[in-house]
Amino acid sequence: MSAPVLELLPAVDISEGYAVRPVGGTLSGGERRLDPVEAALTWVEAGTDWIHLVDLDLAFGRGTNTEVLAQVATAVRACAAERGKPVRVQVSGGVRDAESLERALSLNPDRVNVTSAALADSSWLEGTLARYADSDLLALGLDARYDPERGWVTVARGTDWSGPGVPEALRWLDSVGVHRYIVTDVSKDGSLAGPGAELLDEVLAQTACRVVASGGVASLADLEKLRAMVPSGLEGVVLGKALYVGNFSFEQALKVAGSR
């Protein structure tokens, strides 16, 4: 039996045309601004199978970066073709209604991450999941924060919205056709404070769907812990700040994750 492999998805989060990093579910001042195409191609050349491409301005209600995302996606595919190794693109950030979904689909992505804010319009979300039930195109971003009174509660980064508790949300989402969750403890995102194992444990215990972790990874030891969750249903992890500040290289991450 082969050893479990943890899939790695390096993130390129784009705001005002630059690659930046959000912290704790908010956009703070003073982020390091990078060329997003250059950032993405760094991970392609390092051997990634995925790029997690995020429109932060759309997520935070500050505009859109669709043209920039399109440039990044085109460059990623061209570089991947030259290298003879396909790289898939996962688009995320503010996809919560028909207009934002169409904007994401215009990028011809391999996967779209629908934000947990879409839970506020359950009829649209249910209909959309049904429309794409026979494909692997949509994932559901399950962003959550711990509330001492309510436990884990779904939230939408960049807004004051909070929704149902995570157990209730999972029961409904499983019933209407979600195939994959991208799970973020928003208090950990961009903080290098660990990958939110408590939330991941709760989600993995309550759904048979595939799960991707996002946010908080700081070290190779964190990746080792996440890889140990693969037999419980964890499929992969979105990597961000730890790569950009040089806590480890992508090549080191691939080795720890078990990739060839």
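Position labels on residues start from 1 in each chain and follow its written sequence. With the structure being a predicted model, the display of local features is reserved for residues of pLDDT at least 70 and the display and counting of side-chain atom pairs for 80 or more, all residues being used for whole-chain, interface and lining totals. The basis for every side-chain value is the complete set of non-hydrogen atoms in the structure, without hydrogens or water.

Undergrad: Just to check I follow, could you spell out the overall build of the protein chain for this structure?
TA: Within the protein chain one finds 10 helices and 11 strands. Compactness check: the protein chain gives a C-alpha radius of gyration of 17 Å against a globular reference of 18 Å for 260 residues, within 12% of the reference. Considering only C-alpha atoms, the protein chain reaches an extent of 45 × 40 × 40 Å along its principal axes. The rule is simple: take the accessible area with a 1.4 Å probe, protein chains only, and divide by the maximum for that residue type; under 20% is buried, over 50% is exposed, in between is partly exposed. Taken across its 260 residues, the protein chain has 54% of its residues classed as buried. Contacts are assigned to residue pairs that have any heavy atoms within 4.5 Å of one another. Excluding contacts between residues fewer than 6 apart, the proportion of contacts in the protein chain whose partners are at least 24 apart in sequence is 69%. Per-residue accessibility takes into account occlusion by the displayed protein chains alone, with areas from the Shrake-Rupley method and a 1.4 Å probe. Just so you have it, the protein chain exposes about 11,300 Å², and 48% of that area is on carbon and sulfur atoms. Strands here are runs of E lasting at least two residues and helices are runs of H or I lasting at least four, both read from the DSSP assignment and numbered beginning at the N terminus. Here the globule rule is a power law, 2.2 Å times the number of residues to the power 0.38, and the radius of gyration is based on C-alpha atoms.

Undergrad: Any chance you could explain the packing of aromatic side chains here in plain terms?
TA: By convention here, two paired aromatic rings are described through the distance between centres and the angle between planes. Aromatic rings from Phe, Tyr and Trp, taking only the six-membered ring of Trp, are treated as a pair when their centres fall within 6.5 Å; an angle between ring planes under 30 degrees marks them as stacked, one over 60 as edge-to-face, and anything in between as tilted. Scanning the model with the defined rule gives 3 aromatic pairs in all. Centroid distance Tyr146 to Trp152: 5.3 Å. Interplanar angle 70°. Geometry classified as edge-to-face. On the basis of relative accessibility, which here comes to 49%, the residue Tyr146 falls in the partly exposed class. Looking at Trp152, the relative accessible area reads 10%, which means it is buried. Ring pairs connect the aromatic residues Trp43, Tyr244 and Phe250, which therefore count as one cluster.

Undergrad: How should I be thinking about the UniProt feature "active site" (unreviewed entry) in the protein chain in this particular structure?
TA: Mapped onto this structure's residue numbering, the UniProt feature "active site" (unreviewed entry) falls at Asp13 and Asp143. Within the secondary structure, Asp143 sits in strand E6 (residues 138-147). On the accessibility criterion, Asp143 (5% relative accessible area) is buried. Not counting residues within four places of it along the chain, the set of residues in contact with Asp143 comprises Ser116, Val153, Thr154, Val155, Arg157, Thr184 and Val186. UniProt positions are given in the numbering used here, feature names are shortened, and annotations may be inferred rather than shown by experiment.

Undergrad: Just checking my understanding: could you explain the pattern of salt bridges for this structure?
TA: A side chain of one charge can pair with a side chain of the opposite charge when the charged atoms of the two come close. The rule for a salt bridge is simple: a side-chain nitrogen of Lys or Arg has to be within 4 Å of a carboxyl oxygen of Asp or Glu. In total, this model carries 9 salt bridges according to the counting rule given. Between Lys85 and Asp49 there is a salt bridge, with the nearest N and O atoms lying 2.4 Å from each other. One end of the pair, Lys85, is in the loop between helix H3 (66-83) and strand E4 (88-92); the other, Asp49, is in the loop between helix H1 (36-46) and strand E3 (50-55), with 36 residues separating them in the sequence. Relative accessible area serves as the criterion here: at 36%, Asp49 is assigned to the partly exposed category. Within this structure, Glu16, Arg33, Asp57 and Arg62 form a network of salt bridges that share partners.

Undergrad: Teacher, can you tell me more about unusual backbone geometry here?
TA: Only a minority of non-glycine residues have a phi that is not negative, and only a minority of peptide bonds are not trans. At Glu16, a residue that is not glycine, the phi angle is positive and equals roughly 50°. By the element assignment, Glu16 lies in the loop between strand E1 (7-15) and strand E2 (18-20). Of note, Asn108 is a non-glycine position whose phi angle comes to about 50°, a positive value. Along the polypeptide, Asn108 turns up in the loop between helix H4 (98-105) and strand E5 (111-114).

Undergrad: Would you mind showing me how to read H4 here?
TA: Since one α-helical turn is 3.6 residues long, residues separated by three or four positions face the same way. Residues of H4 that are buried include every one of Ser100, Leu101 and Ala104, and no others. Buried residues of H4, viewed axially, fall in a sector of 100°; they line one side. Of the exposed residues in H4, the ones pointing more than 90 degrees away from its buried face are Glu99 and Glu102. Packed against the buried residues of H4 are helix H2 (56-59), E4, E5, helix H5 (122-131) and E6. For this quantity, the arc is that covered by the directions from the helix axis to the C-beta atoms.

Undergrad: Can you help me understand the packing of helix H8 (residues 220-227) against helix H10 (residues 250-257) in this one?
TA: Helix-helix packing is described using two parameters, namely the angle between the two axes and the distance between the axes. To obtain an axis, a line is fitted to C-alpha atoms, over the contacting stretch when the element is a helix, and the angle between two such axes runs from 0 to 180 degrees between their N-to-C directions. Axis separation between H8 and H10 bottoms out at 9 Å; the angle between their running directions is 30°. Put simply, H8 runs roughly parallel to H10. For the pair H8 and H10, the sense of crossing is right-handed. Here H8 contributes Leu220, Leu223, Glu224 and Arg227 to the contact with H10, which in turn contributes Gln252, Ala253, Lys255, Val256 and Ala257. Polar here means any residue other than Ala, Val, Leu, Ile, Met, Phe, Trp, Tyr, Cys and Pro, which are nonpolar, and Asp, Glu, Lys and Arg, which are charged; Gly is therefore polar. Of the residues that constitute the contact of H8 with H10, the class distribution is 5 nonpolar, 1 polar and 3 charged. Note that the term roughly parallel is reserved for angles under 35 degrees, roughly antiparallel for angles over 145, roughly perpendicular for angles of 65 to 115, and oblique for everything else. Left-handed describes a crossing in which the near helix is turned anticlockwise from the far one by less than a right angle; the clockwise case is right-handed.

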